[in-house]
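A closer look at the structure
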Amino acid sequence: MLDLRFVRSNLDLIGDMLKKRNVSLDMSEFLSLDKERRERLAVLEDMRRRRNQVSEEIAAMKKRGEDASAAVTDMKEVGASIKVLEKELPSYEERLQSLLMFIPNLPHQSVPFGHGAEDNPVIRSWGEPPHFDFEPLAHWDIGERLGILDLPRASKISGARFALYRGLGARLERALINFMLDIHTREHGYTEVLPPFMVNSASMTGTGQLPKFAEDLFKVEGWDLYLIPTAEVPVTNIHRDEVLAEDELPLYYVAYTPCFRSEAGSYGKDTRGLIRQHQFNKVELVKLTRPEDSESELERLTADAEEILKRLKLPYRVVTLCTGDLGFSAAKTYDLEVWLPGQGLYREISSCSIFTDFQARRAAIRFKRSGGRGTELVHTLNGSGLAVGRTFVAVLENYQRKDGKVEIPEALRPYMGGVEFIEQPV
C-alpha cells in the first residue's frame, strides 16, 4: 500500500493516477475521515497545551498559598476529555489504513499511458512463428487425439476448469517443471523453496490479494487459510515482519507450486482447454532488493523468464503493460506472450513486475543499511518463470506435426527419458 502521509500530501496526484489506471475509487470517505482526524488532533493538542499551562499556574498558586481547587477541578475535566480523544484517534488511523488497502500502486514513470490491453506496446519479439502445410490444431484437440489430456473426466471429478493429464502428458508437465527449476537454480542464481500451498490472511494482505480480491480466492471453511493463487504469496511473505541486513540483498527465490484461482468475473472466457483453470502449475520467481536496484533487477528477472522460452524455441513477444492494464500492486509489468498457432494468437505466459515498496509496506519487510541507523522498506519483484500449463499448451501447438505426432523440444528430452515424440495411441 501507499504511505498514508504521502497520500494526504498528494491527493491531486492520487486522483490523476486513478484516472490513468481506469480505477473508479471514491476518495470522499478518506478525505472526510482524515479531516475529522486532523480536527480532533488539533483539539487534543490544544487541550494538552492548556493542561500544561494551567498545571504550571496551579503549582504557582499553591506555592503562593492560594486556593487552586477550581482550576484542579477544571483540569480533571480537561484530562478526561484528553483521554477520550486519545482513545478515539487510533480508530481513525485504523480506518484510514483500511481505506489505503484499496488504493493501487503508483505506476512507474516509464509506464506508458493507455486504457487497456490494446494499448500495450510490443517492445521486442523473439523467434518466428512456425509455418505449417496443414491446419494447426488447438491444444485441446491435440491432447485428446494423443490421449494425454482428459478434460471430460476432470470435469466429472471436480467440475469445469480442471484438467486431467495422462501418460506422456503428465510426464511432459513434470518435465517442464523440473527443467524450469534447474535453469533458474543452476544458471540464474535463485534459491529453490517449497512453500506451503495454504496461507493465512496476513500473508494474503501482505502481497495485496486481501482485502480487495477476496472473491478471486479459495478460502478453507472454518480456518484462517486460503489456497494460494500464486507462489508469490508464500515466498514474498517468508520475510514478513523482518529486518534484513543490506548485505543479504538481493534475495532471489524460485518455487514450484500449484495455483488456485476462482476466476471470478471470467465467465464465458477461455472455457476450452488449459488457458484459464481453477488449478494450474507455475514456477515463480521472487526477488527482494534495495530500492536503487529494483529497476535493473526487473530487467534481469524478465530475461530469466525469457530464457526458458528461448531454450524451448517457442516464439514470443514482450509487451509493457500500460497504465490502464497494470495490476493493482504493480508499478511496472512486462508480459511475455507466447505464440499459439492452434489459436492464431499470442497469449500471456509470464508477467514480470516490480512492486516498489507497495508490498513491503503491507508486509513490513525492511532492511538496514551498513552503518545506517534506521530501516528502509525493500522493493519486491516477481514473475512467472513460467506458467507451466500454458507452456505445455505452447509446446503442443508449436511442435505439432502433420502426422499427428508432437515433437518434444530438444531441451526437454533429457527430462522425458529420451522420448522424442508423443504419438497417437495404437
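Scope of this entry: the structure provided in the associated data block. The shown structure was predicted, so the numbers you read here are calculated from the model rather than taken from an experiment.

Reading the values: the criteria
Residues numbered from 1 in each chain as written. Predicted model: local features only at pLDDT ≥ 70, side-chain atom pairs only at ≥ 80, totals over all residues. Heavy atoms only, no water. Helix = DSSP H or I, 4+ residues; strand = E, 2+ residues; numbered from the N terminus. Pairing = 2+ DSSP bridges. Contact = heavy atoms within 4.5 Å. Axes fitted to C-alpha atoms, helices over the stretch in contact; angles between N-to-C directions. Salt bridge = Lys/Arg side-chain N within 4 Å of Asp/Glu carboxyl O. Buried < 20%, exposed > 50% of the residue type's maximum accessible area, 1.4 Å probe, protein only. Core = buried A, V, L, I, M, F, W, Y, C linked by side-chain atoms within 4.5 Å.

1. Quick look at unusual backbone geometry
Here the amide bond leading from Leu249 into Pro250 is cis, since omega sits at 0 degrees, within 30 degrees of zero. Mapped onto the secondary structure, Pro250 falls in the loop between strand 6 (242-245) and strand 7 (251-260). The linkage connecting Gly385 with the following residue, Leu386, adopts the cis geometry, with an omega of 20 degrees. As for its position among the elements, Leu386 is in strand 14 (residues 379-387). Of note, the phi angle at Asn22 is positive, near 60 degrees, even though the residue is not glycine. With respect to the helices and strands, Asn22 occurs in the loop between helix 2 (11-20) and helix 3 (28-63). A positive phi angle, near 60 degrees, is found at Asp241, a position not held by glycine. Within the secondary structure layout, Asp241 lies in the loop between helix 9 (232-236) and strand 6.

2. Notes on the sheet that holds strand 1 (residues 122-126)
Neighbouring strands of a sheet are bound in pairs by backbone hydrogen bonds; such pairs are parallel or else antiparallel. Taken in spatial order, the 8 strands of this open sheet run 1-9-10-11-14-8-7-2, and their pairing is mixed. The open sheet has two free edges, formed respectively by strand 1 and strand 2 (191-192), since each of these has just one partner strand. Pairing analysis gives 2 bridges linking strand 2 to strand 7, with the strands arranged parallel. Along strand 7, the bridge assignment pairs Glu192 with Val254. Across the sheet, helix 10 (residues 294-311) is in contact with strand 1, strand 7, strand 8 (279-289), strand 9 (316-320), strand 10 (332-340), strand 11 (345-354) and strand 14; its angle to strand 14 comes to roughly 5 degrees.

3. Some thoughts on the pattern of salt bridges
Scanning the entire structure with this criterion turns up 34 salt bridges. Here Asp16 makes a salt bridge to Lys20, at a shortest N to O gap of 3.4 Å. A residue pair is termed a helical-turn pair when its members lie 3 or 4 positions apart in one helix, as Asp16 and Lys20 do in helix 2 at 4 residues. On the basis of relative accessible area, Lys20 is assigned to the partly exposed category, the value being 35%. Taking the shortest distance from any N to any O, the salt bridge between Arg311 and Glu307 comes out at 2.6 Å. Highlighted residues: Arg311 and Glu307, both in helix 10, separated by 4 residues, approximately one helical turn. Judged by its relative accessible area of 29%, Arg311 is partly exposed. A relative accessible area of 22% places Glu307 in the partly exposed class. Counted as one network, the salt bridges with shared partners bring together Glu246, Arg290, Glu292, Asp293, Arg369 and Glu376.

4. Description of the nonpolar core
Within the largest apolar cluster, 50 residues are counted, with the highest numbers of intra-cluster contacts made by Leu172, Leu176, Met180, Leu309, Leu314, Leu386 and Phe392. The leading source of residues in this core is helix 7 (residues 167-186), at 8 residues. The contact partners of Leu386, leaving out residues within four places of it in the chain, are Met180, Lys282, Val283, Ala305, Ile308, Leu309, Leu336, Ile349, Ser350 and Thr391. One finds Met17, Leu18, Met27 and Phe328 within the second-largest nonpolar core, a separate group that totals 17 residues.

5. Here we look at the side chain of Glu306
With respect to the secondary-structure elements, Glu306 resides in helix 10. For Glu306, a relative accessible area of 4% corresponds to the buried category. Other than its neighbours up to four places away in sequence, Glu306 contacts Arg124, Tyr316, Val318 and Leu336.

Keep in mind these values describe shape, not function.
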